[in-house]
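# Close look at the chain arrangement
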Amino acid sequence: MLDASFFDRLSRLRLAMGHRTSMNLTGNRKSMQKGSSMEFSDFREYIPGDDIRRIDWNAYGRLDRLYVKEYMEEKEAVVSILIDTSASMDYGEKKKSELACKLAAGFAYMGLNNMDRVMLYDMRRMNQPFAAGGGKRAIPRLADWLGHRSFEETADIAEALWKLPVKGPGVTILISDFLQEAFVEKEHLTKKGYFAEKGHSIGKGHFADAEQETLQQLLRFLNYKKQKTVLLHVLAKEELSVELTGTRNLIDMEDQSTLRITLDAASIRVYEKGLREFTDRMRRECAKAGAFYEVCSTGTDIYQLIFQDLRILYDI
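Below is a summary of the structure that appears in this document. (Residues numbered from 1 in each chain as written. Predicted model: local features only at pLDDT ≥ 70, side-chain atom pairs only at ≥ 80, totals over all residues. Heavy atoms only, no water.)

### Here's the deal with the overall build of the protein chain
Within the protein chain, the regular secondary structure consists of nine helices and 12 strands. When the 316 residues of the protein chain are sorted by exposure, 52% land in the buried category. Sequence-distant contacts, at least 24 apart, represent 73% of the contacts inside the protein chain between residues at least 6 apart. Looking at the protein chain as shown, the accessible area adds up to about 15300 Å², and 48% of this sits on carbon and sulfur atoms. (Helix = DSSP H or I, 4+ residues; strand = E, 2+ residues; numbered from the N terminus. Buried < 20%, exposed > 50% of the residue type's maximum accessible area, 1.4 Å probe, protein only. Contact = heavy atoms within 4.5 Å. Areas by Shrake-Rupley, 256 points an atom, 1.4 Å probe, with all protein chains shown as cover.)

### Quick word on the packing of aromatic side chains
All chains considered together, the criterion is met by 10 aromatic pairs. Arranged with centres 5.5 Å apart and planes meeting at 75°, the rings of Phe178 and Phe183 form a pair that is edge-to-face. There is no split in this pair, since Phe178 and Phe183 are both buried. Put simply, the rings of Phe6, Phe7, Tyr109, Tyr303 and Phe307 touch in pairs and so form one group of aromatic residues. (Phe/Tyr/Trp six-rings, centres within 6.5 Å; stacked < 30°, edge-to-face > 60°.)

### Structural notes on the environment of Gly246
Note that Gly246 resides in strand β10 (residues 246-252). The exposure class of Gly246 is partly exposed, given its relative accessible area of 31%. In sequence terms Gly246 and Thr262 are 16 residues apart; their C-alpha atoms lie 5.4 Å from each other. Those residues within four positions of Gly246 in sequence are excluded, and the remaining contacts are Ile261, Thr262 and Leu263.

### Some thoughts on the packing of helix α3 (residues 96-113) against helix α9 (residues 302-309)
Two numbers describe a pair of packed helices, the interaxial angle and the distance between the axes. Their axes nearest at 11 Å, the elements α3 and α9 cross at an angle of 40°. Between α3 and α9, the crossing angle belongs to the class labelled oblique. Remark: the crossing between α3 and α9 carries right-handed chirality. Along its contact with α3, which presents Leu99, Lys102, Leu103, Phe107 and Met110, the element α9 presents Ile302, Leu305 and Ile306. Residues belonging to the contact of α3 with α9 are distributed by class as follows: seven nonpolar, no polar and one charged. (Axes fitted to C-alpha atoms, helices over the stretch in contact; angles between N-to-C directions. Parallel < 35°, antiparallel > 145°, perpendicular 65-115°, else oblique. Left-handed = near helix turned anticlockwise from the far one by under 90°. Nonpolar A, V, L, I, M, F, W, Y, C, P; charged D, E, K, R; others polar.)

### Thoughts on α3
Between the first and last C-alpha of α3 there are 26 Å, a value that for 18 residues agrees with the 26 Å anticipated at 1.5 Å per step. α3 sits mainly inside the fold: 16 of its 18 residues count as buried. Within two residues after α3, Met115 carries a phi angle of roughly 65°, on the positive side. (Expected span 1.5 Å × (residues − 1).)

### Notes on the pairing of strand β11 (residues 258-263)
Note: β10 against β11, six bridges, orientation antiparallel. Bridge pairing in β11 links Gly246 to Leu263. What sits between the antiparallel neighbours β10 and β11 is a turn of five residues, in which Gln256 has the positive phi angle 65°. (Pairing = 2+ DSSP bridges.)

Printed below as a string of structure tokens:
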């Protein structure tokens, strides 16, 4: 899927958390609990039984009272990665599904390399997650799990997220094309919005006013659960820049419904305007909620995506 040099470069990166973790497993994240890491947290008065090695004798000399130093405890964070495995993700000369798996592998590696606990979810099979821990030794099993994903039928993003078991602060990453009625207006698009004719894809019409309520609810839910939320909007190069012309019979990739449409310069401009409105609206809603949002094109090199376009996600 990805070569060794790619993972070697990823070794220098770590996902920024956004919330202190409070899990009970040892890792490399700073916890709300006090512990024995090297990062100073605060002073408190000495209590009989405290480790005398933590007594601050300088403070005792100034205040004539015993104080001990407290340090942030290092804990394991949870990185949850949800992959949309619906049929629409299997579109493009360079398939969206392949890019989704590469992004998932990259972020999973960052987590494992920093001793975080990584949970990967297939949105169509939320009850069968892949749990990875123990560092980089889990990479071969993770790659095998990703390699066995099938992209077919439909996936309900909202339903999948409601089923996500969240047990403390962490990072939640959604990887999807978001071509679903809950995100795209029903009157103008089918359930997944895009159609294919011999490998081609395009929307039925413009995106107009997307239904924002579902997205807002999902973002509020993840904020309530103290998650740093990341939405990676994976789209095919052909979806972002339409080059089809003429009259086409378009076939929905999921429900097999058909649409006959004539593509000319004017209709393509309407489509592209609607697409910009759709992605801009997603970006605004995420910004309001403090979530990160980025469009990831299959036409963009994976190195540029990971090391440049998404670098704001890392704290080192």
